[in-house]
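Here is how the chains run, residue by residue.
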Amino acid sequence: MAASSLSSSNDHKVEMKISVVPYIMFTKGECREAMAFYQEALGGELDIMGWKGTKFAEKMSSEDAEGVMHCTLKAGDTNFMACDAKGGPCEVIPGNDVAISVNFDSEEDIRAAYNKLSIDATIIQALEKSFWGAWFGQFIDKFGKRWMLHFQIPKPSELKEAQADQGSPKKAKTEESDEKN
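The structure displayed is predicted, hence computed values, not measured ones.

Reading the values: rules and limits
Residues numbered from 1 in each chain as written. Predicted model: local features only at pLDDT ≥ 70, side-chain atom pairs only at ≥ 80, totals over all residues. Heavy atoms only, no water. Salt bridge = Lys/Arg side-chain N within 4 Å of Asp/Glu carboxyl O. Helix = DSSP H or I, 4+ residues; strand = E, 2+ residues; numbered from the N terminus. Buried < 20%, exposed > 50% of the residue type's maximum accessible area, 1.4 Å probe, protein only. Pairing = 2+ DSSP bridges. Axes fitted to C-alpha atoms, helices over the stretch in contact; angles between N-to-C directions. Contact = heavy atoms within 4.5 Å. Expected span 1.5 Å × (residues − 1). Arc of directions from axis to C-beta.

Enquirer: How do you make sense of the pattern of salt bridges when you look at a structure like this?
Expert: Where side chains of opposite charge bring their charged atoms close, a pairing between them can arise. Under the definition given, this model contains three salt bridges. The partner of Asp105 in a salt bridge is Lys17, with the nearest N and O atoms 4.0 Å apart. Of the two residues, Asp105 sits in the loop between strand 5 (98-104) and helix 3 (107-117) while Lys17 sits in the segment before strand 1 (18-26), which places them 88 residues apart along the sequence. Its relative accessible area of 49% is what places Asp105 among the partly exposed residues.

Enquirer: Would you mind going over the sheet that holds strand 7 (residues 134-140) with me for this structure?
Expert: Hydrogen bonds along the backbone pair up the strands of a sheet, which may run parallel or antiparallel. Strand order in the open sheet made by the eight strands is 2-3-4-1-5-8-7-6, with mixed pairing throughout. Only two strands of the sheet have a single partner each, and these edge strands are strand 2 (45-50) and strand 6 (122-129). When the angles between neighbouring strand axes are averaged without regard to direction, this sheet yields 20°. Strand contacts of helix 1 (residues 31-42): strand 1, strand 2, strand 3 (68-75) and strand 4 (78-84), with the helix running at about 5° to strand 3, the strand carrying the most contacts.

Enquirer: Would you mind going over helix 1 with me for this structure?
Expert: Side chains of residues three or four places apart in an α-helix project in the same direction, reflecting 3.6 residues per turn. Across its twelve residues, helix 1 extends 16 Å between first and last C-alpha, which sits within 8% of the 16 Å expected from 1.5 Å per residue. When we look at burial in helix 1, the residues that qualify are Cys31, Ala34 and Met35. When helix 1 is viewed along its axis, its buried side chains cluster within an angular range of 95° and face the same direction. Summarising the geometry of helix 1, the exposed residues directed more than 90 degrees from the buried face are Glu33, Phe37 and Glu40. The inward-facing, buried residues of helix 1 abut strand 1, strand 2, strand 3 and strand 4. Following helix 1 by one or two positions, Gly43 adopts a phi angle in the positive range, close to 80°.

Dropping the structure here:
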């Protein structure tokens, strides 16, 4: 039997700048404890945001609303993200409790990736501006894999700093200018 190889034409001249992050979803309310354990083992900085006070908490039991909506452990050059998914907007069962979370550097790139990856997908959350200041979308692709796409919208002060660092006189598009259009 002859060996075969898969090849694809690359229509893209420029590659997207992305980072892929494991996103762990806990179903028994143990996210805070588990991430503290991982921090103890790996070092780094742990940032935690709870469900309480979000639109999702209103639909949860008071116990579930005390859980973690999102957290990030920054250890070295790697990020680990996690949440308590019990009672949240996504059904999580053993086997789909880890997602492919992809962070993008531009709105154009996240839109392009979302439009291609979500073909024939089950949409959990359509790509939209989130209350935390990012474009975010989540879906299960046609192969059964959970994806979370994220682009943090730069604050105007961050855009000015980036322009100064690059010496660019161009005006960058900000969240404020997007809202006017």
